[in-house]
Amino acid sequence: MAFPDYIVAIILSGLLGPGMFNLVFAIVMVKWVGYARLARSIVLSEKQRQRIMVMQHGRIVDTCEKQELFSENRHSYTKELLHVFES
């Protein structure tokens, strides 16, 4: 499937005129969709994560599943953060 993209890029480059800049510009205009899809899939997978980590002073102090966050046996810093967001 990558071959037709390059044909379109060559045609676009020919329409833009000679020069390396026009060739690179044409390739970027044709191939940016793949990078946009990759970035979108990474964002969606990170958005659906169920694991939560609490950091204090650059160190991880607590790790739990999203459902376990409000249980009583959490780190004291986690409890402090939850208390701030409750009020």
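Values in this document were obtained by computation on a predicted structure and should not be read as measured data.

Asker: Any chance you could explain the confidence of the model for the chain here in plain terms?
Answerer: Detailed conclusions should not be drawn from predicted coordinates in areas where pLDDT is low. Here the chain averages 85 in pLDDT, while 97% of its residues score no lower than 70. Averaged pLDDT values over the elements of the chain bottom out at 83 in helix α1 (residues 2-16) and peak at 90 in strand β2 (residues 59-65).

Asker: Explain the pattern of salt bridges to me, please; I cannot follow it from the model alone.
Answerer: Pairs can form between side chains of opposite charge once their charged atoms are near each other. Under the criterion given, the structure shown has three salt bridges. The shortest N-O distance in the salt bridge between lysine 31 and aspartate 5 comes to 3.4 Å. Residue lysine 31 is found in helix α2 (residues 20-47), and its partner aspartate 5 is found in helix α1; the two are separated by 26 residues along the sequence. A residue is classified by how much of its surface remains accessible, and lysine 31, at 23% relative accessible area, is partly exposed. The residue aspartate 62 makes a salt bridge to arginine 74 at a minimum N-O spacing of 2.9 Å. Taken as a pair, aspartate 62 in strand β2 and arginine 74 in the loop between β2 and α3 (76-86) lie far apart in primary sequence, 12 residues in all.

Asker: Explain the environment of tryptophan 32 here, please?
Answerer: If you trace the backbone, tryptophan 32 turns up in helix α2. The exposure class assigned to tryptophan 32 is partly exposed, which follows from its relative accessible area of 49%. Separated by 18 residues in the primary sequence, tryptophan 32 and glycine 14 place their C-alpha atoms 19 Å from one another.

Asker: Sorry if this is basic, but what is going on with a nonpolar patch on the surface here?
Answerer: Together, Phe3, Ile7, Ile11 and Leu15 line one region of the surface with nonpolar side chains, adding up to about 460 Å² of accessible area. For leucine 15, a relative accessible area of 70% corresponds to the exposed category.

Analysis parameters
- Residues numbered from 1 in each chain as written.
- Predicted model: local features only at pLDDT ≥ 70, side-chain atom pairs only at ≥ 80, totals over all residues.
- Heavy atoms only, no water.
- pLDDT = per-residue confidence, 0-100.
- Helix = DSSP H or I, 4+ residues; strand = E, 2+ residues; numbered from the N terminus.
- Salt bridge = Lys/Arg side-chain N within 4 Å of Asp/Glu carboxyl O.
- Buried < 20%, exposed > 50% of the residue type's maximum accessible area, 1.4 Å probe, protein only.
- Patch = residues over 30% accessible without salt bridge, like charges linked within 9 Å, V, L, I, M, F, W, Y side chains within 5 Å.
- Areas by Shrake-Rupley, 256 points an atom, 1.4 Å probe, with all protein chains shown as cover.

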